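Each chain is listed here by its residues.
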Amino acid sequence: MPIALDILFPIPTPAFSYLLPFDANIPSIGVRVVVPWQQGLRIGLLVGVREVGASLGLELKQIITVLDSQPFVLPKQTELILELAQSSCSPAGLVLSTLLATGLNEELIHEARAIEGIKDISISTEHWVLASQLDNINLFREQGLIKEQIRIVPIKHKVLKIAKPIDENLQGKRQLNQRIALEWLDSVESVASGSELARQADVSESAVRTLVKKGYITYVEEDAPEPALPSYPSYEINKEISFLSDADYIVISGGSKEERIAALYDGIARALANDRSVLIIAPEQSLIAETASYLQAKFPTLVLSGELNDRQRKRLWHDLQEQAVVLVASYFGFLAPLHKLGQIILIEESSSSHKLRSGPRLFSPSVAKALAKKINCPIILTDSLISAESLLLTKKANAEHLQLPYLEQRYYFSDMSSSNNWPLSANLLQVLNQVKDRSRQAILLSPRRGYSAALGCTSCGEIISCPNCDLSLKYYQEQKKLRCHQCSTELSIPKTCSNCNSYELQAMRGAGTEWILKTVKRQIPGIPVYRYDSDQRDDLSAMLAGEAGVVVATSAILRHQPLSNVSLIALTLFDSLLAFSDYRAEEEALRTVLSLNELAPNKRPLILLQSFQLEHKLFKILRASDKLKAINSFLEELLIRRKAYNYPPYSKIARIQISAKDEQIAYHESNRIFDTLKIHCKEHAELLGPSQMAIFRIRNFYNYQIFISDLSSQGFDELLKPIIPYRGQVRVRIDIEPREIGGFLE
DNA sequence: GTGCCTCCATAC
DNA sequence: TATGGAGGCACA
């Protein structure tokens, strides 16, 4: 029986079937294979082997060669890819292209020669010929007339080397510089370029150029050296927290970031001592770097992040197989070649950055849990505040929750509803003056960049909104621009209101970094003020060195190295944390406030929150004398409510997003999809919608959403069968375990 | 008719 | 993802 191979490519499709040549051995799952693809070649990953009927065997193309003798992606990880595809309702190739950091885009040398005894084609039987020089290679292959071989192109680089020794033609006075350059090159053997040699030997570039022209030195291609991997500063941890657990689901919450990492040490040391690797997944570049900084002094640590270029990734893939290590990684770590994985650690379990916003929209903690289950290893999650999901799971057997004491924080709550000062209350200004008097530092957090959330007309109330989106344009006073934070459209500022022709256009709604910065400069003259958001990242090195100053920032500052002399952290509008109408908003807001101290580790700055709703229950928690108790009862209440509404973690939710350029089509098609699903799912799912998304129109696309919860654990691949793959006139995107689901609850 | 662009289906 | 074909548009 012919053998068919299921091969996955990094494109959004399921696996394709190819035929194994009849004389070839069956390769192992997870190796890379090279196959004919349209006009050329392509590298894919072998994910399945099966027998097929002889008739199908005639229709399929044959693979050309197997690239690896050992699996490139371990069989368990290969299974994980297929499982994730199923659970995320997306094609397996899309999961592969999202998670695999390297290996499928190698440049290949493809050669062919005629099989012995075949004379009637124009190809040599003795010499390999480059396939690119042959016209009908596909035809020859199908007829079985040729043999083919494929090699990965080794990476070369060009260097300057000596081609012939100094001779009498270089003895003249005017050739002095050339002699110097030649002698220098003789002593160092090779340099990367002509200008590099000129610089090193301290001669002119033209002297070097002349040497090349005369043939004394020449460019040679040689194997490129292994690229250096990025290095990180080492941080010492002053706390010792001894903690070892044999549970297979462990949560470490509370304390400071540093303490949570200290609590990981014993477990990591034990894994390494048992020759097991440790995989640490962090949600952001800066957290990857920080975590690596804490660990590398104690453990052999490697780092895999999106910042590595292709050659560095290849080197890392090689280095990872040498010994048991700690790998600190982005989600790329899930398919890294760690042969003996002993534990998986997730940093900042609840960070929204763990949710991938493209492709199959995976949620890293869920991927980590699936992998841990598959290879039967423990998983450890850390965060400032335990998530509702984890709280429920740690109540089960073989789970453990290490609750570190919450840091004693000094809070001050400033009531904006009774304040006349906007955007900075009198209280905040007073504290800022103290900061200035004592030459300390302050961080003011703004919910947005720009000057204000909108520019509007004071006489008729008209707000200028984006021509492409249902959003107000953000006002940039300095640049004299209006900008849409969704589609990046920029408009210049109109002189008059388009509605009533009045000249009274003014900054409206929430204050952004520009506005706050301007206010601080005016009200607190004499202290340096910096801005730090994704539009403008001021150089904060003076503040890093301890000098006095105020930083007005968005959450971008959380990714900056902590400042050293901070005595005030202010959230200028606490209420914006609750503005997302997501059922997780309160939990997230509390988590954000609890982790504000990370901006000034080992210090105890005043944390000042400005709010219009000081009666909100989160303030009671922050005020409580027994914070731990208050937080715990908040979390327990949260679980009770989630259970009552049947929300996660008590059910699984998916969002179906329907978009179309035509509003009517979007409306009708989302209703049609809703009805189709209703009939298909019967009592196994609860369906909500279709409703307009929080921003109905984005980039001229109209967006509807349908929520579906899986009531009897059928799996969304089953529930959504009628619409995957979707063929129709709108764009349909499926998001399992969605985050930031605006307008869903209450 | 040509050139250029966008949209969209398709890949074994 | 990447490629090519279909269809639209401007221009000669």
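With that settled, the discussion passes to the side chain of Lys 355. Relative to the assigned elements, Lys 355 resides in the loop between strand E16 (341-346) and helix H12 (364-375). Here Ile 736 takes part through its backbone oxygen, which lies 2.8 Å from a polar atom of the side chain of Lys 355. There is a polar contact of 3.0 Å between the side chain of Lys 355 and the backbone oxygen of Glu 737. When near neighbours in sequence (up to four residues on either side) are disregarded, Lys 355 contacts Arg 361, Leu 362, Phe 363, Asp 735, Ile 736, Glu 737, Pro 738 and Arg 739.

In terms of nonpolar packing, the biggest core is built from 96 residues, with Leu 304, Leu 327 and Leu 609 touching the most fellow members. With 36 residues, the next largest nonpolar core counts Leu 428, Leu 482, Cys 484 and Cys 497 among its residues.

Turn by turn, an α-helix covers 3.6 residues, leaving residues three or four places apart pointing in a common direction. By the burial criterion, the buried members of helix H6 (residues 194-201) are Gly 194, Leu 197, Ala 198 and Ala 201. Buried residues of H6, seen end-on, are gathered within an arc of 100° and therefore sit on one face of the element. On its buried side, H6 packs onto strand E9 (156-162), helix H5 (176-188), strand E10 (190-191), helix H7 (205-214) and strand E11 (217-223). Just past H6, the residue Asp 202 takes up positive phi, approximately 60°.

To continue, consider the protein's contact with DNA strand B. Lining the immediate environment of DNA strand B, one finds Ile 11, Thr 13, Phe 16, Ser 17, Tyr 18, Trp 37, Gln 38, Lys 61 and Lys 661. Here the atoms of DNA strand B within 4 Å of the protein split so that 43% fall in sugar or phosphate, with bases taking the remainder. In this structure, Ser 17 approaches DNA strand B through a main-chain N or O atom, which is 2.7 Å from a base oxygen. Note that a phosphate oxygen of DNA strand B is positioned 3.3 Å from one of the side-chain N or O atoms of Lys 61. Among the elements that line the surface near DNA strand B, the one with the most residues is strand E2 (residues 16-19), at three residues. Grouping the constituent residues of the surface near DNA strand B by class yields four nonpolar, three polar and two charged.

Either a parallel or an antiparallel arrangement is found when strands of a sheet pair, and the pairing is made through backbone hydrogen bonds. Spatial ordering of the open sheet is given by E2-E1-E4-E3-E5, a layout of five strands whose pairing is antiparallel. Both outer strands of the open sheet, E2 and strand E5 (65-66), are each paired with one neighbouring strand and no more. In this sheet, strand E4 (residues 40-51) lies alongside strand E3 (residues 32-37) in antiparallel orientation, the contact comprising six bridges. Paired with Val 33 across the strands is Gly 44, a residue of E4. Each of strand E1 (3-8) and E4 is contacted by helix H2 (residues 75-88), which is oriented at about 90° to E4, the strand it contacts most.

In this section: the pattern of salt bridges. Summed over all chains, the structure comprises 39 salt bridges. Here Lys 161 makes a salt bridge to Glu 222, at a shortest N to O gap of 3.3 Å. Placement of Lys 161 in strand E9 and of Glu 222 in strand E11 is noted, with a sequence separation of 61 residues between them. Its salt-bridge partner being Asp 275, residue Lys 340 comes within 2.7 Å of it at the nearest N-O pair. Pair noted here: Lys 340 is in the loop between strand E15 (326-329) and E16 and Asp 275 is in the loop between helix H9 (265-273) and strand E13 (277-281), with a separation of 65 residues, a long-range link.

A few words on the domain arrangement of chain A. Under the domain assignment, chain A is made up of domain 1 (3-152), domain 2 (156-223), domain 3 (249-404), domain 4 (413-452 + 509-635) and domain 5 (652-736). Placing the centre of domain 3 and that of domain 5 at their C-alpha centroids yields a distance of 33 Å.

The next subject is the pairing of strand E12 (residues 249-254). Where burial is concerned, most of E12 is hidden: six out of the six residues are buried. Across six bridges, E12 lies against strand E18 (residues 399-404) in parallel orientation. Across the sheet, Tyr 249 pairs through a bridge with Ala 399, a residue of E18.

Taking strand neighbours across the sheet as the criterion, the three strands line up as E10-E9-E11 in an open arrangement whose pairing is antiparallel. In this open sheet, the two strands that pair with only one neighbour each are E10 and E11. Summarising the sheet, E9 and E10 pair through two bridges and their orientation is antiparallel. Following the sheet pairing, Lys 161 is matched in E10 by Ser 190. Strands in contact with H5 are E9, E10 and E11; relative to E9, the strand with the most contacts, it is inclined by about 120°.

Criteria and cut-off values
- Residues numbered from 1 in each chain as written.
- Chains lettered and ligands numbered in written order.
- Predicted model: local features only at pLDDT ≥ 70, side-chain atom pairs only at ≥ 80, totals over all residues.
- Heavy atoms only, no water.
- Helix = DSSP H or I, 4+ residues; strand = E, 2+ residues; numbered from the N terminus.
- Polar contact = N/O pair within 3.5 Å; in protein donor to acceptor, adjacent residues only side chain to side chain.
- Contact = heavy atoms within 4.5 Å.
- Core = buried A, V, L, I, M, F, W, Y, C linked by side-chain atoms within 4.5 Å.
- Buried < 20%, exposed > 50% of the residue type's maximum accessible area, 1.4 Å probe, protein only.
- Arc of directions from axis to C-beta.
- Near = heavy atom within 4 Å.
- Nonpolar A, V, L, I, M, F, W, Y, C, P; charged D, E, K, R; others polar.
- Pairing = 2+ DSSP bridges.
- Axes fitted to C-alpha atoms, helices over the stretch in contact; angles between N-to-C directions.
- Salt bridge = Lys/Arg side-chain N within 4 Å of Asp/Glu carboxyl O.
- Domains from an automatic or database assignment.

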